[in-house]
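# Structural overview for review
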Protein chains: 2
Amino acid sequence: MKAADKAKHRTDMISSALRSAILERVLMPGMKLPEDSLGERFGVSRTLIRQSLERLAAEGLVELRRNKGAMVARPSLEEARDLFELRTQIEDLVISRVVKNMSPEILGELESHLAKEVEAEHASEPISIRLATEFHILLARLAGSPVLLRYVEEIGYRCGLTLSLYARPHSTDCGIQEHRQIIDALAKGDEDTARKLMRHHLTAVADRALFRTEEGGPLLYLDALEPYAKKVRDGGA
Amino acid sequence: MKAADKAKHRTDMISSALRSAILERVLMPGMKLPEDSLGERFGVSRTLIRQSLERLAAEGLVELRRNKGAMVARPSLEEARDLFELRTQIEDLVISRVVKNMSPEILGELESHLAKEVEAEHASEPISIRLATEFHILLARLAGSPVLLRYVEEIGYRCGLTLSLYARPHSTDCGIQEHRQIIDALAKGDEDTARKLMRHHLTAVADRALFRTEEGGPLLYLDALEPYAKKVRDGGA
DNA sequence: GTATAAAGGATTGCATGCAATTTCGCCACA
DNA sequence: TGTGGCGAAATTGCATGCAATCCTTTATAC
């Protein structure tokens, strides 16, 4: 039996690449995602592209209109509100589970991630946004419930997408300072404080998403996602 | 523009049919789901079957092992516990939202569903199980959050699947009496009581799933799902 | 000049074909 | 009799082809 039994395969890699491209704002909301062009760029046939798009559609990152192709989702303000509200409640569940599971290893993982965030603070904005999102996902993983993890991932991704539509450009979208405080509260086992901090943190992020840019209709598809495609074609991790 | 713009299409219908078959215990956990046979039975090609299976796999109803085909999921006891715990917490969120949205129409929908449950009480067991599951889903719909609805659906389905693995056969899996009480509490706007009742209700269901049947390996695929396939082939709703 | 209709091009929906992988049966051999 | 390996059958992974649908452009009528 190969060690690569759990090898992620091409569909997974393509999905990940597209997801990253969306979250890092290389693919903006409203952009069309034609199967042919994507297939050509990733070096696979439409079959795999279609699978990936359907997966992303299930996550709410892509809109899939019948006979009219896929495009990066453009969540409405109403959906966005719903999403952010649900997010605070779901992450409440995460917090209480992480407090219950708290251990040195867990603390270590959190610290290690925060270090990465600090390091990337002055790097390119998309990367710091991604790391900020991944902080929440790491927390969810540490909560120990696979299903909860999936939900936090999905909500987190969709909130990220929403921010790229509605948030003002220059917001440091997730305060590193706030992550710091949350970790400290968790380390002390202070569930209540951690909860409050998380709530405040998420509310702050949501509030920054208040006024919209009102950018017009569907943009044209941009093929500057070469870096994403390359990884997939090379079969790299 | 056709009125049938939102026409559910074949993949949706097949997914629904398979989901029903799983929840109504026509397809038991561990059964193999070969693309060919299913395609033949539903009158479509493997392409659509594959799409459906992937969708169900995303919901956790189907396990999809690489190069080894699909089978009805066999959730472990650990997963089951996780699922039931998460379920009570998620449905807490549902309760408080429904209380906030309470209105005569909503009450009407609840009553109307309960009537169906009462009517089917002495009908075949699979149908009453399905109706019981749908009570929770109806509540989630009335909560007004599409994402929350999806999560409740998924968790509910998976819990239903779990019950078909671990629960004793003759349990009236969801007390109609308990649904009755929950509706009453909601009607009075008594969030706390409704929450407690729901918690108790779900715990009761989960507890019935304590001792396992320990049925062996993967069974053989049964093609007695003709009724499900027929609807799909006829294009009926 | 505007509006409507028809033709052409582009894109998706679905089926099928071929190669790769796994599984199962069979036979040899200890 | 039990075990190991080899080969055929079954099944999935992926690509491609054709038909159906939608969008765009052009031509024609008012």
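These figures come from a predicted structure and were not determined experimentally.

Time to look at the overall build of chain A. On a plain count of helices and strands, chain A comes out with 10 helices and three strands. Along chain A, helices (α) and strands (β) appear in the sequence α-β-α-α-β-β-α-α-α-α-α-α-α when read from the amino end. Within chain A, buried positions represent 49% of all 237 residues. Within the structure as shown, chain A displays about 11,800 Å² of accessible surface, and the carbon and sulfur contribution to it stands at 53%.

With that settled, consider the protein's contact with DNA strand C. Close to DNA strand C lie 14 residues; A:Arg50, B:Ser45, B:Arg46, B:Thr47 and B:Lys68 are nearest. Protein-proximal atoms of DNA strand C, defined as those within 4 Å of the protein, fall in sugar or phosphate at a share of 70%. Here a phosphate oxygen of DNA strand C and a side-chain polar atom of B:Ser45 are 2.8 Å apart. One of the side-chain nitrogen or oxygen atoms of B:Thr47 is found 2.8 Å away from a base nitrogen of DNA strand C. Elements represented by at least two residues in the surface near DNA strand C include exactly α3 (46-59) of chain A together with α3 (46-59) of chain B. By residue number, the principal contributor to the surface near DNA strand C is α3(B), which donates three residues. Of the residues assigned to the surface near DNA strand C, the class counts are three nonpolar, five polar and six charged.

For the rest of this paragraph, the subject is the relation of the copies chain B and chain A. For these two chains of identical sequence, chain B goes onto chain A by a turn of 180° and a shift of 0.1 Å along the axis, with RMSD 0.0 Å. Taken together, the rotation and translation relating the two chain copies correspond to the operation of a two-fold axis. The fraction of interface residues of chain B whose copies in chain A are also interface residues reaches 100%, indicating that both copies meet through the same surface.

Attention now goes to the pairing of strand β2 (residues 62-65) of chain B. If a strand is regular, its side chains alternate between the two faces of the sheet. Residue and element names in this part refer to chain B. Two strands pair when backbone bridges link them, and β2 and strand β3 (residues 69-72) are joined in this way by four bridges, in the antiparallel orientation. Bridge pairing in β3 places Arg65 opposite Gly69. Hairpin remark: β2 followed by β3, antiparallel, with three residues in the connecting loop; positive phi at Asn67, about 65°.

Glancing now at a positive patch on the surface. Residue and element names in this part refer to chain A. The grouping of Lys32, Arg65, Lys68 and Arg74 at the surface amounts to a positive patch. Along the chain, Arg65 turns up in strand β2 (residues 62-65). Residue Arg65 is classed as partly exposed on the basis of its relative accessible area, which comes to 38%.

Take the sheet that holds strand β1 (residues 32-33) of chain B next. With antiparallel pairing, three strands are arranged side by side in an open sheet as β1-β3-β2 (chain B). Edge positions in the sheet fall to β1 and β2 of chain B, since each of these pairs with one other strand and no more.

Okay, the interface of chain B and chain A next. Each partner contributes residues to the interface: chain B has 23 residues there, and chain A has 23 residues. Summing the contributions of chain B and of chain A, the shared interface buries around 2,100 Å²; its carbon and sulfur component is 48%. Across the chain B-chain A interface, the total number found is six salt bridges. B:Arg97 is the salt-bridge partner of A:Glu85, the closest N and O atoms lying 3.6 Å from each other. For the interface between chain B and chain A, the tally reads 15 residue pairs in polar contact (both at pLDDT 80 or more). Every element with two or more residues in the side of chain B that touches chain A is listed here: α3, α4 (77-101) and α7 (146-166) of chain B. Looking at the side of chain B that touches chain A, its residues break down into 10 nonpolar, four polar and nine charged.

As a further point, take the pattern of salt bridges. In this structure the tally under the stated criterion is 32 salt bridges over all chains. In this structure, the salt-bridge partner of A:Arg150 is B:Glu154, at a minimum N-O distance of 2.8 Å. Residue A:Arg150 is located in helix α7 (residues 146-166), and its partner B:Glu154 is located in helix α7; the two belong to separate chains. What you see here is one network of salt bridges that share partners, running through A:Glu35, A:Asp36, A:Arg46 and A:Arg50.

Let us look at the packing of α4(B) against α7(B). Residues and elements named next belong to chain B. Viewed as axis vectors pointing N to C, α4 and α7 meet at an angle of 140°, and their least axial separation amounts to 9 Å. For the element pair α4 and α7, the recorded crossing hand is left-handed. Across the interface between the two elements, Leu77, Glu79, Ala80, Leu83, Phe84, Leu86, Arg87, Ile90, Glu91, Leu93, Val94 and Arg97 from α4 touch Leu148, Val152, Ile155, Gly156, Arg158, Cys159, Thr162, Leu163 and Tyr166 from α7. For the contact of α4 with α7, the per-class residue count stands at 14 nonpolar, two polar and five charged.

Residue and element names in this part refer to chain A. For Glu226, the location among the structural elements is in helix α10 (residues 226-234). The class for Glu226 is partly exposed, based on a relative accessible area of 30%. A sequence separation of 185 residues divides Glu226 from Arg41, and the C-alpha atoms of the two residues are 7.5 Å apart. Non-local contacts of Glu226, meaning those with residues more than four positions away in its chain, are made with Arg41 and Arg233.

For A:Arg19, the position within the fold is in helix α1 (residues 10-23). Apart from residues no more than four positions distant in its own chain, A:Arg19 is found in contact with A:Leu56, A:Glu59, A:Leu61 and A:Tyr157.

Close to DNA strand D lie 14 residues, the nearest being A:Ser45, A:Arg46, A:Thr47, A:Lys68 and B:Arg50. When atoms of DNA strand D within 4 Å of the protein are split into backbone and base, the sugar-phosphate part holds 70%. Measuring from a base nitrogen of DNA strand D, one finds a side-chain N or O atom of A:Thr47 at 2.7 Å. Here a phosphate oxygen of DNA strand D and a side-chain polar atom of B:Arg50 are 2.5 Å apart. For the surface near DNA strand D, the elements supplying multiple residues, two or more each, are α3 of chain A together with α3 of chain B. Element by element, the count of residues in the surface near DNA strand D is highest for α3(A), at three residues.

Cut-offs and rules
Residues numbered from 1 in each chain as written. Chains lettered and ligands numbered in written order. Predicted model: local features only at pLDDT ≥ 70, side-chain atom pairs only at ≥ 80, totals over all residues. Heavy atoms only, no water. Helix = DSSP H or I, 4+ residues; strand = E, 2+ residues; numbered from the N terminus. Buried < 20%, exposed > 50% of the residue type's maximum accessible area, 1.4 Å probe, protein only. Areas by Shrake-Rupley, 256 points an atom, 1.4 Å probe, with all protein chains shown as cover. Near = heavy atom within 4 Å. Polar contact = N/O pair within 3.5 Å; in protein donor to acceptor, adjacent residues only side chain to side chain. Nonpolar A, V, L, I, M, F, W, Y, C, P; charged D, E, K, R; others polar. Least-squares fit on C-alpha atoms with pLDDT ≥ 70 in both. Contact = heavy atoms within 4.5 Å. Pairing = 2+ DSSP bridges. Patch = residues over 30% accessible without salt bridge, like charges linked within 9 Å, V, L, I, M, F, W, Y side chains within 5 Å. Salt bridge = Lys/Arg side-chain N within 4 Å of Asp/Glu carboxyl O. Lys, Arg positive; Asp, Glu negative; His and termini not counted. Charge placed at Lys NZ, Arg CZ, Asp CG, Glu CD. Buried area = accessible area lost by both parts, 1.4 Å probe. Axes fitted to C-alpha atoms, helices over the stretch in contact; angles between N-to-C directions. Left-handed = near helix turned anticlockwise from the far one by under 90°.

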